[in-house]
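Tertiary structure, described
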Amino acid sequence: MLSVQQLACERGRTRLFSDLTFEVQSGQCLHVHGANGAGKTSLLRIVCGLAEAVQGQVCWRGENTRQDPGSFRAELVYLGHAPGLKDELTAAENLHFQSQIDGCALSPQQIAAALQRVGLGRQQHLLLRRFSQGQKRRAALARLVARPARLWVLDEPLAALDHAAQQLVSQLVAAHLQAGGLALVTSHQPLGVESMDLRLGV
Amino acid sequence: MSAHLRACAALLLRDLRSAARRPGDVATPLFFFVVVSALFPLAIGPELGTLRLIGPGIVWVGALLSSILAMHRLFAADLADGSLEQLALSPTPLGLLVAAKVLAHWLLTGAPLVLVAPLIAVQFDLSLNSTLVLVLALLLGTPVLSLIGAVGAALTLGLRGAELLLCLLVLPLYIPVLVFGAGAVQAQLGGLGAQAHVSVLLAILTVAAFLCPWAGSAALRIALE
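Remember, predicted model here, so these are calculated numbers, not experimental data.

1. Things to note about the overall build of chain B
Looking only at helices and strands, chain B features ten helices and zero strands. Walking chain B from its N terminus toward its C terminus, one meets helices and strands in the order α-α-α-α-α-α-α-α-α-α. Here the C-alpha radius of gyration of chain B, 18 Å, is about what a compact globule of 225 residues would show, namely 17 Å. Along the three orthogonal principal directions, the C-alpha set of chain B runs to about 55 × 30 × 30 Å. Counting every position in chain B, which comprises 225 residues, the buried fraction comes to 47%. Considering only intrachain contacts with a sequence separation of at least 6, the fraction spanning at least 24 residues in chain B is 79%.

Following this line, the structure appears as structure tokens:
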């Protein structure tokens, strides 16, 4: 479903990787490994379409994602280093806004259920600026629960999370794969799900 | 299409709501505008003829400067907390979302200026007709300031010294709005009628509303890389 062909990426004048080719099918997870600065985040951003590759292409359902970015993005959810949430809004408002931007507005019940699932049931009407780092990450994870997207691109989803939340991520990813989804994940910790490995910078 | 419009409305609402929870951000440019335009009559003295002559120009320069005051924050906050990436990955075209953000910026910085302008006009002894022309010109001109400023904010996003660079980049582009905006009131005062100036302002607004969101979105995609 997702195939990456002969991808090359440069940061400044250094070539991070080149001739990178892989394929991820429905129900599979690709775990990207690599030292700091090996280009894991760059790879994920290129796959999403946030950055351009020097060479190569990314295909989704057999078509180049740059041809029709709109329909690719509708099936994609990306969680980056920054959670993408506003400090001035509550967790529920943030999730509601996110869902509207993603083109699938959620009902208040769905939002409450998603926040309950990530362990923020009691804090859903609290302004995000009162949240700790880990709670913000949990709020960002609520998108994964709430939004039906085929492809998950997760950049360090386990960072800043406690043990229970790390297990929650594993469960979410496992359930997503079970349902036929795809996942592209970078992490320095083991994910706790069966995955293919890709090593950058070797 | 309606999904796109709903996404834009959601973004507009989000920006207005976060601004309502940080009222200082809205009050600062407005307060700046009032103070700057109040300084001139105090400095120049109560010579009504002179005040009437310089009034429109000073109101417009004040509007320009206060519009640029909050401009650099338009995308910087979204870049810092990662929501700009999420906007760029929305199925809704980024140009439409930029337009929604510009509209929010105008409602928060431009519209209050239009509302407070009649009060400022009193300080410069403008007649009722001239005040109406001033308000109309500001109503058409301040959205252009927000639109052009958004392109500048997107181009300078993430750069060091972005605020100063933004001023240098954008202020020269504001000149046509300044000339025709202040000129409209002068023409009204001179008995020529403001219609020609207002038409030009409307034309500038139309072109800017059409081009600036797309230019801004292209610049944002470059800034995100």
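Still more to cover.
2. Side note on the confidence of the model for chain B
Regions with low pLDDT carry predicted coordinates that are not meant to be interpreted in detail. For chain B, the mean per-residue pLDDT works out to 91, and 100% of the residues sit at or above 70. Scoring of the predicted complex yields 0.91 for pTM and 0.90 for ipTM.

3. Comments concerning the sheet that holds strand S8 (residues 182-186) of chain A
All names here are of chain A. If you trace the five strands from one edge of the open sheet to the other, you get S6-S7-S8-S3-S9, paired in parallel fashion. Each edge of the sheet is formed by a strand with only one pairing partner; in this case those strands are strand S6 (76-79) and strand S9 (196-199). Taken pair by pair, the neighbouring strands of this sheet meet at an average axis angle of 15°, ignoring direction. Relative to S8, strand S3 (residues 29-33) is paired through four bridges, and the arrangement is parallel. Along S8, the bridge assignment pairs His-31 with Val-185.

4. A closer look at the environment of Leu151(A)
Residue and element names in this part refer to chain A. Looking at the secondary structure, you find Leu-151 in strand S7 (residues 151-155). Given 22 C-beta atoms within a 10 Å radius, Leu-151 is considered buried. Counting along the chain gives 52 residues from Leu-151 to Ser-99, while the straight-line C-alpha distance between them is 16 Å.

5. Quick word on unusual backbone geometry
The phi torsion at Ala160(A) lies on the positive side, around 65°, for a residue other than glycine. Secondary-structure assignment places Ala160(A) in the loop between S7 and helix H6 (163-178). Judged by the 15 C-beta atoms lying within 10 Å of it, Ala160(A) falls in the partly exposed class. In the Ramachandran plot, Asp125(B) falls in the positive-phi region, its phi being about 55° despite a non-glycine side chain. Note on Asp125(B): 16 C-beta atoms within 10 Å, which makes it partly exposed.

6. Structural notes on the interface of chain B and chain A
With 23 residues of chain B at the contact, the number on the chain A side is 24 residues. At the level of secondary structure, the elements contributing two or more residues to the side of chain B that touches chain A comprise helix H1 (2-20) and helix H5 (83-88) of chain B. It is H1(B) that provides the largest number of residues to the side of chain B that touches chain A, a total of eight residues. Across the side of chain B that touches chain A, the residue classes break down as nine nonpolar, six polar and eight charged.

7. Notes on the nonpolar core
Core analysis: the biggest nonpolar cluster contains 126 residues, and Val153(A) and Ala137(B) have the highest contact counts within it. When residues of this core are sorted by domain, at least three fall in each of domain 1 (1-75 + 150-202) and domain 2 (83-148) of chain A. Setting aside chain neighbours within four positions, we find Val153(A) in contact with Leu44(A), Val47(A), Cys48(A), Leu76(A), Tyr78(A) and Leu184(A).

8. With respect to the sheet that holds strand S2 (residues 14-24) of chain A
The pairing of strands in a sheet happens through backbone hydrogen bonds and is either parallel or antiparallel. All names here are of chain A. On the basis of which strands lie adjacent, the open sheet formed by four strands has the order S2-S1-S4-S5 and antiparallel pairing. Looking at strand neighbours, the two that pair on one side only are S2 and strand S5 (63-64), the edges of this open sheet. In terms of strand pairing, strand S1 (residues 2-11) meets S2 through seven bridges, oriented antiparallel. Bridge pairing in S2 places Leu-7 opposite Leu-20.

9. Observations regarding the domain arrangement of chain A
Residue and element names in this part refer to chain A. Splitting chain A by domain gives domain 1 (1-75 + 150-202) and domain 2 (83-148). Between the C-alpha centres of domain 1 and domain 2 there is a distance of 23 Å. With nine residues of domain 1 at the contact, the number on the domain 2 side is nine residues. Its residues assigned to classes, the side of domain 1 that touches domain 2 shows eight nonpolar, no polar and one charged.

10. Digging into the packing of helix H9 (residues 175-189) of chain B against helix H10 (residues 195-224) of chain B
Residues and elements named next belong to chain B. Two numbers describe how H9 lies on H10: the axes approach to 8 Å, and their chain directions differ by 155°. Put simply, H9 runs roughly antiparallel to H10. The interaxial crossing formed by H9 with H10 has left-handed handedness. In this structure, H9 uses Pro-176, Val-177, Phe-180, Gly-181, Gly-183, Ala-184 and Ala-187 to contact H10, whose residues at the interface are His-197, Val-198, Val-200, Leu-201 and Ile-204. Its residues assigned to classes, the contact of H9 with H10 comprises nine nonpolar, three polar and no charged.

11. Describing helix H4 (residues 73-81) of chain B
All names here are of chain B. Buried within H4 we find Leu-74, Phe-75 and Asp-78. Seen along its axis, H4 keeps its buried residues to an arc of 60°; they face one direction. One or two positions beyond H4, positive phi appears at Gly-82, with a value near 85°.

Rules and cut-offs
Residues numbered from 1 in each chain as written. Chains lettered and ligands numbered in written order. Predicted model: local features only at pLDDT ≥ 70, side-chain atom pairs only at ≥ 80, totals over all residues. Helix = DSSP H or I, 4+ residues; strand = E, 2+ residues; numbered from the N terminus. Rg over C-alpha atoms; globule rule 2.2 N^0.38 Å. Buried ≥ 20, exposed ≤ 12 C-beta atoms within 10 Å, placed from the backbone. Contact = placed C-beta atoms within 7 Å. pLDDT = per-residue confidence, 0-100. Pairing = 2+ DSSP bridges. Axes fitted to C-alpha atoms, helices over the stretch in contact; angles between N-to-C directions. Nonpolar A, V, L, I, M, F, W, Y, C, P; charged D, E, K, R; others polar. Core = buried A, V, L, I, M, F, W, Y, C linked by C-beta atoms within 7 Å. Domains from an automatic or database assignment. Parallel < 35°, antiparallel > 145°, perpendicular 65-115°, else oblique. Left-handed = near helix turned anticlockwise from the far one by under 90°. Arc of directions from axis to C-beta.

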